[in-house]
Amino acid sequence: MRVGLYPGTFDPVTNGHLDIIGRAVKLVDKLVIGVAVNIGKGPLFSLEERVAILERETAHLNKLAVIEVRPFDSLLMHFAREVGAQMIVRGLRAVADFEYEFQMTAMNQQLDREIETVFLMADPRHQAIASRLVKEIAALGGDISKFVPAGVGEQLVAKLRKT
């Protein structure tokens with residue numbers, strides 16, 4: 001069984017993330033979506049909320065591959081071994097992403113040479129989307145409907161109203 005791991009904070013999950021997930025399930029038999037605790041980034045949504053949102057937004061893809069959404073707070077390569085992943089799936093939007101991912105891949109190779117990193121280029125429609133920017137646009141009353149699924153947008157706006 002080919003197992004891939006797509007890690008991220010997903011705060012919130014965007015159409016760009018979902019595009020990468022939708023393409024990754026074509027490459028693997030099972031895709032584990034690893035939701036990073038990542039307290040350092042100060043996520044707006046709780047870990048439980050992010051997991052639930054991803055489960056809801058990816059449920060329709062279960063006919064293409066097994067999808068499992070799991071939180072993690074360990075070193076990525078340790079988590080990859082734990083879930084039996086042979087590959088880490090990463091999305092690339094721009095040159096800045098490449099530089100960061102190049103460094104991370106080199107370090108991950110030093111930790112475990114058996115796990116490959118596979119890069120998927122972001123669809124041009126989604127290249128500018130970043131969770132941080134989506135939150136900022138929503139907080140300032142902008143239209144985020146092009147960047148996130150409707151349900152995610154509604155949850156994000158409701159969450160921002162509470163804070």
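Check the entry above for the structure.
Only a predicted model underlies this, so the values are computations on that prediction, with no experimental measurement involved.

Another point: the nonpolar core. Ile 21, Leu 31, Ile 33, Leu 54 and Val 89 are the most contacted members of the largest nonpolar core, which has 30 residues in total. Those elements that place two or more of their residues in this core are α1 (15-24), β2 (30-36), α2 (47-58), β3 (66-72), β4 (87-92), α5 (131-139) and α6 (150-162). For this core, the leading source of residues is α1, giving 4 residues. With sequence-adjacent residues up to four places away left out, Leu 54 is seen in contact with Phe 10, Val 13, Ile 21, Ile 33, Val 35 and Val 69. Of all hydrophobic cores here, the second largest spans 13 residues; its members include Val 3, Val 32, Ala 80 and Ala 85.

Time to look at the pattern of salt bridges. Scanning the entire structure with this criterion turns up 11 salt bridges. Here Lys 159 and Glu 49 are joined by a salt bridge, their closest N and O atoms 2.9 Å apart. Highlighted residues: Lys 159 in helix α6 and Glu 49 in helix α2, separated in sequence by 110 residues. The residue Arg 70 makes a salt bridge to Glu 82 at a minimum N-O spacing of 2.6 Å. Of this pair, Arg 70 sits in strand β3 while Glu 82 is found in helix α3 (residues 76-83), placing the two residues 12 residues apart along the sequence. Residue classification places Arg 70 among the partly exposed positions, given a relative accessible area of 24%. We classify Glu 82 as exposed; its relative accessible area is 53%. Here the residues in one salt-bridge network are Lys 30, Glu 68, Arg 70 and Glu 82, joined through shared partners.

Analysis parameters
- Residues numbered from 1 in each chain as written.
- Predicted model: local features only at pLDDT ≥ 70, side-chain atom pairs only at ≥ 80, totals over all residues.
- Heavy atoms only, no water.
- Core = buried A, V, L, I, M, F, W, Y, C linked by side-chain atoms within 4.5 Å.
- Buried < 20%, exposed > 50% of the residue type's maximum accessible area, 1.4 Å probe, protein only.
- Helix = DSSP H or I, 4+ residues; strand = E, 2+ residues; numbered from the N terminus.
- Contact = heavy atoms within 4.5 Å.
- Salt bridge = Lys/Arg side-chain N within 4 Å of Asp/Glu carboxyl O.

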